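# Observations on the model geometry
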Amino acid sequence: MAILHSYPFCPQSRFARLIFAELGLEPDMIEEKPWDRRIPFLEINPAGNLPLLIDDNGLAVAGPLSLAEYLDETRGEDLRDRRFLPRDLEQRIEVRRLLDWFLVKFHGEVSDYLATEKIYKRFMPIELGGGPPDMGAIRAAQTNVRYHLKYIGFLISARNWLAGDQMTYADLAAAAHLSVVDYLGDVPWDEDETAKHWYARIKSRPSFRALLADRVPGMAPAGHYDDLDF
């Protein structure tokens, strides 16, 4: 049985969980706190990043992009024309461009700041950086999410899904990251109805149910978080 090391409110982990759910696969889940940097975990994945897949063939696949590519190579053929990394070269290039946008740029400018400052720091020991949130970092992320939301709206205004006619890894990556920000109530949905309608489509998929059931201990989600008709 495959094993997925992840953390419920790590945006990159949520991307991996969405992929598995869309594939109809249920790996064994091990919760890995991003700040713990456990020695046994680092021995497998020295970078210490999430997610980490240990497949049933023993291969260790670390990081969201590597995991997505690996699952496409090993399971993608079964999806045929619904493959999340399309066969067409031009389409693959666009999906990979948007994966970089959301897994690197959005993560670095929005979701990592908000997850760390509002969630992780609540549980991190002081010596590892826990404590009160950095309000400057939060305000920067809240500002940055606005132009990312506009970019999503721009893409969807001319396409059915973010990268083209069909749903791809790009949609799953964007939705995974937005879902953490949405839990915290920091997505200004009223600023872009087009982006909101796209997210509602993703949010209504069966693969999203487990994410919507997640809760941070002692912190309730935004009121619309698990409302499919928000």
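Residues numbered from 1 in each chain as written. Predicted model: local features only at pLDDT ≥ 70, side-chain atom pairs only at ≥ 80, totals over all residues. Heavy atoms only, no water.

### Topic: the UniProt feature "domain: GST C-terminal" (unreviewed entry) in the protein chain
The residues that UniProt annotates with the feature "domain: GST C-terminal" (unreviewed entry) are residues 88-225. Secondary structure over residues 88-225 splits into 65% helix and 0% strand, and the C-alpha atoms at its two ends are 35 Å apart. (UniProt positions renumbered as here; feature names shortened; annotations may be inferred. Helix = DSSP H or I, 4+ residues; strand = E, 2+ residues; numbered from the N terminus.)

### Section: the layout of surface pockets
Within this model, the largest pocket holds a volume of roughly 290 Å³. Every residue lining the largest pocket is counted, 16 residues in all, and those nearest its centre are Arg17, Ala21, Pro27, Met29 and Ala210. Looking at the lining of the largest pocket, the elements with two or more residues in it are helix H1 (11-23), strand E2 (28-31) and helix H8 (209-213). Taken together, the residues of the lining of the largest pocket break down into 10 nonpolar, 3 polar and 3 charged. There are two domains that each give the lining of the largest pocket at least three residues, and those are domain 1 (3-82) and domain 2 (89-213). In this structure, the second largest pocket occupies an estimated 190 Å³ of space. In terms of lining residues, the second largest pocket is bounded by Cys10, Gln12, Pro34, Gly48, Asn49, Leu50, Pro64, His107, Asp112, Thr116 and Tyr120. Here the lining of the second largest pocket gets 4 residues from one element, more than from any other, and that element is helix H4 (residues 89-123). Here the lining of the second largest pocket is composed, by residue class, of 5 nonpolar, 5 polar and 1 charged. (1 Å grid on protein atoms, 1.4 Å probe; cavity = no way out; pocket = protein on both sides within 12 Å on 5 of 7 lines; lining within 4 Å. Points joined across faces, edges and corners; volume = space filled by probe spheres on them. Nonpolar A, V, L, I, M, F, W, Y, C, P; charged D, E, K, R; others polar. Domains from an automatic or database assignment.)

### Describing empty space enclosed by the protein
Tallied over the full model, the rule gives 1 cavity of 30 Å³ or more. Here the largest cavity is characterised by a volume of approximately 40 Å³. Contributing to the lining of the largest cavity are Glu32, Lys33, Pro34, Arg37, Arg38, Phe41, Gly48 and Leu50. Taken together, the residues that form the lining of the largest cavity break down as 3 nonpolar, 1 polar and 4 charged.

### Some words on the pairing of strand E1 (residues 3-6)
Relative to E2, E1 runs parallel, the two sharing 4 bridges. The residue bridging Ile3 from the neighbouring strand is Asp28, located in E2. Handedness of the E1-H1-E2 crossover: right-handed. The pairing of E1 with strand E3 (residues 52-54) spans 3 bridges and is classified as antiparallel. Within E3, the residue paired with Leu4 across the bridge is Leu53. (Pairing = 2+ DSSP bridges. Right-handed = clockwise from strand over helix to strand, strands pointing away.)

### Re the domain arrangement of the protein chain
Accessible area lost when the parts come together is the quantity often used to give the size of an interface. Here the protein chain is partitioned into domain 1 (3-82) and domain 2 (89-213). The partner domain 2 presents 27 residues to the 22 residues of domain 1 that form the contact. Summed over both partners, the interface of domain 1 with domain 2 comes to about 2,300 Å²; 67% of that surface belongs to carbon and sulfur atoms. Between Arg205 and Glu22 there is a salt bridge whose closest N-O contact spans 2.7 Å. Every element with two or more residues in the side of domain 1 that touches domain 2 is listed here: H1 and helix H3 (64-75). Ranked by residues supplied to the side of domain 1 that touches domain 2, first place goes to H1 with 9 residues. Considered class by class, the residues forming the side of domain 1 that touches domain 2 number 14 nonpolar, 1 polar and 7 charged. (Contact = heavy atoms within 4.5 Å. Buried area = accessible area lost by both parts, 1.4 Å probe. Salt bridge = Lys/Arg side-chain N within 4 Å of Asp/Glu carboxyl O.)

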